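Chains, contacts and geometry: an overview
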Amino acid sequence: MTGLPPSTPAAPASPAVHVAEEVVRALADGRPVVALESTIFTHGLPRPRNLAVALEAEERLRAAGVVPATIGVHAGVPTVGLSTGQITELSATDGLDKVSLRDLPVVAAFGRHGGTTVAATAFLAHRAGIRVFSTGGLGGVHFGASESFDESADMTTLAATPVTVVSAGVKSILDIRATLERFETLNIPVIGYRSRKYPGFYVTDSGHEINFSVESPEEAARVIDARDRLGLPQAVLIANPVDPAKQLPPEELDGILARARAEAERRGITGNASTPFLLDHIQRDTGGRSLEVNVEVYRGNVRLGGEIATALAAAAVNAPTAAADAAQSGA
């Protein structure tokens, strides 16, 4: 017979998710915190640019008084607030798993490294109590999904995870019209930042309009607070377009995307492998220009995420005073 003797107490189980002490303290103190995903440096950007971009994002947030919480899986431990050493290790490791929400228990059980997608990052950020998450582009509905059912788990996860996600829309390789329809079906609010033209990641305007926009981080914070007061379970998506001066020329994008999709179809690349393949093909087709746009997109979203997190923290500090003033005026 195996196992511990009856008189020996079992060791306490390790926490399923590790939250860095810096993040724990910041959340307890009501300071702004922004979650960052890890697939951008494990799967999305080439070396050594991947590490430089990851560390720069953290540095820019800290300079703005915001605590960064880069999220990933290190040696099987889902971690909210990877250390600089862990980020460096993950950015240099070959064959990392691309970890969506469904994959978390598997990589945890087998002690694997992994870069977390939007779905897994949003889940872990919310579990830690982080309200704002900045990324590059969201997943969505792939072309041909009516036959292949190829849709990103990002959408269904965000329908049940009340975080705020700042992105430059969904990735340009996707069926944006169908994705917006799915967001509507899933009751996920999509709000433009200073524009009602939905961005297309590499371009400022995808050609699709959305119903609402906000003009400032404070307005975004009001929407988020209203969602939370209503007890709604969905994420709020803030669509932040790239600077028009830094976008890919829109007149080129259709041809670039058509060539990328045709090559993926020729090679039979589908499912989880399609997004990194298509993005890599676009980078090569544009002679690296798409990589620079990708980095600009991410910088803009990290900056705006920090501003929204700061506005939320300020609103929380001011709420007791406002409530007291209201009570006094009504007395």
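Structural notes, computed from the coordinates. (Residues numbered from 1 in each chain as written. Predicted model: local features only at pLDDT ≥ 70, side-chain atom pairs only at ≥ 80, totals over all residues. Heavy atoms only, no water.)

What about the environment of V317?
Note the threshold: Numbering of helices and strands runs from the N terminus, with a helix taken as a DSSP run of H or I at least four residues long and a strand as a DSSP run of E at least two residues long. For every residue, the accessible area (1.4 Å probe, protein chains only) is compared with the maximum for its type, and the residue is labelled buried under 20%, exposed over 50%, or partly exposed between those bounds.
Here V317 shows up in helix α13 (residues 289–330). Looking at V317, the relative accessible area reads 56%, which means it is exposed. Each C-alpha atom, one on V317 and one on R31, is 9.7 Å from the other, the two residues being 286 residues apart in sequence.

Section: the packing of helix α11 (residues 250–267) against helix α12 (residues 274–285)
Using the following cut-off: Simply put, an axis is a line fit to the C-alpha atoms, just over the touching stretch for a helix, and the angle between two N-to-C directions goes from 0 to 180 degrees. In this scheme, roughly parallel covers angles under 35 degrees and roughly antiparallel covers those over 145, while 65 to 115 is roughly perpendicular and the rest are oblique. Left-handed is the label given to a crossing in which the near helix is rotated counterclockwise from the far helix by less than a right angle, and right-handed is the label when the rotation is clockwise. By definition, residues are in contact when any of their heavy atoms lie within 4.5 Å. Asp, Glu, Lys and Arg are counted as charged, while Ala, Val, Leu, Ile, Met, Phe, Trp, Tyr, Cys and Pro are counted as nonpolar; the rest, among them Gly, fall into the polar class.
Two elements in contact, α11 and α12, have axes whose closest approach is 9 Å; the angle formed by their N-to-C orientations is 130°. Considering their axes alone, α11 and α12 lie oblique with respect to each other. The crossing of α11 and α12 is right-handed. Taken together, the residues of α12 that come into contact with α11 (itself represented by I256, L257, R259, A260, R261, E263, A264 and R267) are F277, L278, H281, I282 and D285. Looking at the contact of α11 with α12, its residues break down into seven nonpolar, one polar and five charged.

Structural notes on the pairing of strand β4 (residues 77–80)
Operational definition: Pairs of strands are assigned from DSSP output, requiring at least two bridges between the strands.
Where strand β1 (residues 18–19) and β4 come together, two bridges link them in parallel fashion. Considered in β4, the bridge of H18 is made with T79. Here strand β3 (residues 67–74) hands over to β4 after two residues, with A75 in that stretch at a positive phi of 50°.

Describing the nonpolar core
Stated formally: To define a nonpolar core, start from buried Ala, Val, Leu, Ile, Met, Phe, Trp, Tyr and Cys residues and group those joined through side-chain atoms within 4.5 Å.
Ranked by internal contacts, the top residues of the largest apolar core, which has 60 residues, are V80, I130, L158, F183, Y198 and L237. By residue number, the principal contributor to this core is helix α6 (residues 118–128), which donates six residues. Contacts of V80, omitting those with residues within four sequence positions, involve V17, H18, V19, A20, V23, A69, T70, I71, L124, A128 and I130.

Brief notes about the pattern of salt bridges
Defined as follows: Salt bridge, as applied in this entry: a Lys or Arg side-chain nitrogen positioned within 4 Å of an Asp or Glu carboxyl oxygen.
In the structure shown here, the tally under the stated rule is 19 salt bridges. One salt bridge connects R47 with D94, and the closest N-O pair in it is separated by 2.9 Å. In this pair, R47 is assigned in the loop between α2 (39–44) and α3 (49–63) and D94 in the loop between α4 (84–92) and β5 (97–99), connecting sequence segments 47 residues apart. Given the relative accessible area of 59%, D94 is considered exposed. In this structure, E296 and R299 form a salt bridge, with 2.9 Å as the shortest nitrogen-oxygen distance. On the criterion of helical spacing, the pair formed by E296 and R299 is a turn pair, its members being three residues apart in helix α13. For E296, a relative accessible area of 23% corresponds to the partly exposed category. Judged by relative accessible area, which is 22%, R299 ranks as partly exposed. A single salt-bridge network, built from bridges that share partners, covers E56, R60, K246, E296 and R299.

As for the packing of α3 against α4
Running from N to C, α3 and α4 point in directions that differ by 155°, and their axes come no closer than 9 Å. One element, α3, and the other, α4, form an angle in the roughly antiparallel class. As α3 runs across α4, the sense of the crossing is right-handed. Residue-level inspection shows N50, L51, A54, L55 and E58 of α3 in contact with α4, the latter providing T84, I87, T88 and S91. Residue classes in the contact of α3 with α4 are distributed as four nonpolar, four polar and one charged.

Here's the deal with the side chain of T164
Inspection of the secondary structure puts T164 in strand β8 (residues 164–167). Apart from the residues within four sequence positions on either side, T164 is in contact with R131, V132, F133, I224, R227, V236 and I238.

So, the environment of A260
Mapped onto the secondary structure, A260 falls in helix α11. The class for A260 is buried, based on a relative accessible area of 1%. Beyond its immediate stretch of four places on either side in the chain, A260 contacts F277, L278, H281 and I282.

With respect to the packing of aromatic side chains
What counts here: Side-chain rings of Phe, Tyr and Trp (the six-membered ring for Trp) are treated as a pair once their centres are within 6.5 Å; stacked means planes under 30 degrees apart, edge-to-face means over 60, and tilted covers the remaining angles.
Tallied over the entire structure, the rule returns one aromatic pair. Plain terms: the ring middles of F201 and Y202 are 4.8 Å apart, the flat faces sit at 75° to each other, and that makes the pair edge-to-face.

Concerning the pairing of strand β9 (residues 190–193)
Of the two faces of β9, the one holding V190 and G192 and the one holding I191 and Y193 are both buried throughout. When β9 meets strand β13 (residues 236–239), the two strands line up parallel, connected through three bridges. Within the sheet, the bridge partner assigned to I191 lies in β13 and is I238. One ladder, built from three bridges, connects β9 with strand β12 (residues 212–214); its direction is parallel. The residue bridging Y193 from the neighbouring strand is V214, located in β12.

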